[in-house]
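# Inside the fold
So the chains spell out like this:
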Amino acid sequence: MILISKDEAIALRDRFPDTNIVRTMRQRSKRHRYYCEESKNIMRFLNALRRGEQPLSVREGAYDTDRKKNKRIGA
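Let me begin by describing the structure that accompanies this report. (Residues numbered from 1 in each chain as written. Predicted model: local features only at pLDDT ≥ 70, side-chain atom pairs only at ≥ 80, totals over all residues. Heavy atoms only, no water.)

### Quick notes on the packing of aromatic side chains
Which entries qualify depends on this criterion: Pairing of aromatic rings covers Phe, Tyr and Trp, the last through its six-membered ring, and needs centres within 6.5 Å; plane angles under 30 degrees mean stacked, over 60 mean edge-to-face, and all others mean tilted. Every helix listed is a DSSP run of H or I at least four residues long, and every strand listed is a run of E at least two residues long, numbered separately from the N terminus. Two limits define a charge over a ring: the Lys NZ or Arg CZ must be within 6 Å of the ring centre, and within 35 degrees of the ring normal.
Taken as a whole and assessed by the stated rule, the structure comprises 1 aromatic pair. Ring centres of F16 and F45 lie 5.7 Å apart, and the angle between their planes is 85°; on these two criteria the pair is classed as edge-to-face. Placement of F16 in the loop between α1 (6-15) and β2 (21-23) and of F45 in helix α2 (residues 40-51) is noted, with a sequence separation of 29 residues between them. Just above the ring of F16 sits the side chain of R15; from NZ or CZ to the centre is 5.0 Å.

In structure tokens form, the structure reads like this:
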């Protein structure tokens, strides 16, 4: 599990809807943290976000990872 911010959690949920993201301390709002699983695709996406680059799914001409859709994004 890796510590992530709230904004990163929102971006990860948009890009990877089946990702396991956990929030601790639900009742004490000031003490919560977000944790995410460490898979290869998620780590690449987080590194791109933290470097300030646009992740691969947002760039023009990138393909969606869902094989059934196989649509071009941003074109």
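### Points about the nonpolar core
This is how it is decided: Here the nonpolar core consists of buried residues drawn from Ala, Val, Leu, Ile, Met, Phe, Trp, Tyr and Cys, with membership extended through side-chain atoms lying within 4.5 Å. Buried, partly exposed and exposed residues are distinguished by accessible area as a fraction of the type maximum, computed with a 1.4 Å probe on protein chains only: under 20%, between the cut-offs, and over 50%, respectively. Any two residues whose heavy atoms approach within 4.5 Å at even a single point are treated as in contact.
Of all hydrophobic cores here, the largest spans 11 residues; its members are I2, I4, A9, L12, F16, I21, Y34, C36, I42, F45 and L46. Of all the secondary-structure elements, those providing two or more residues to this core are β1 (2-4), α1, β3 (34-36) and α2. Counting residues per element, this core draws most heavily on α2, at 3 residues. Residues within four places of I21 in sequence aside, it is in contact with I4, A9, L12, R13, Y34, Y35 and C36.

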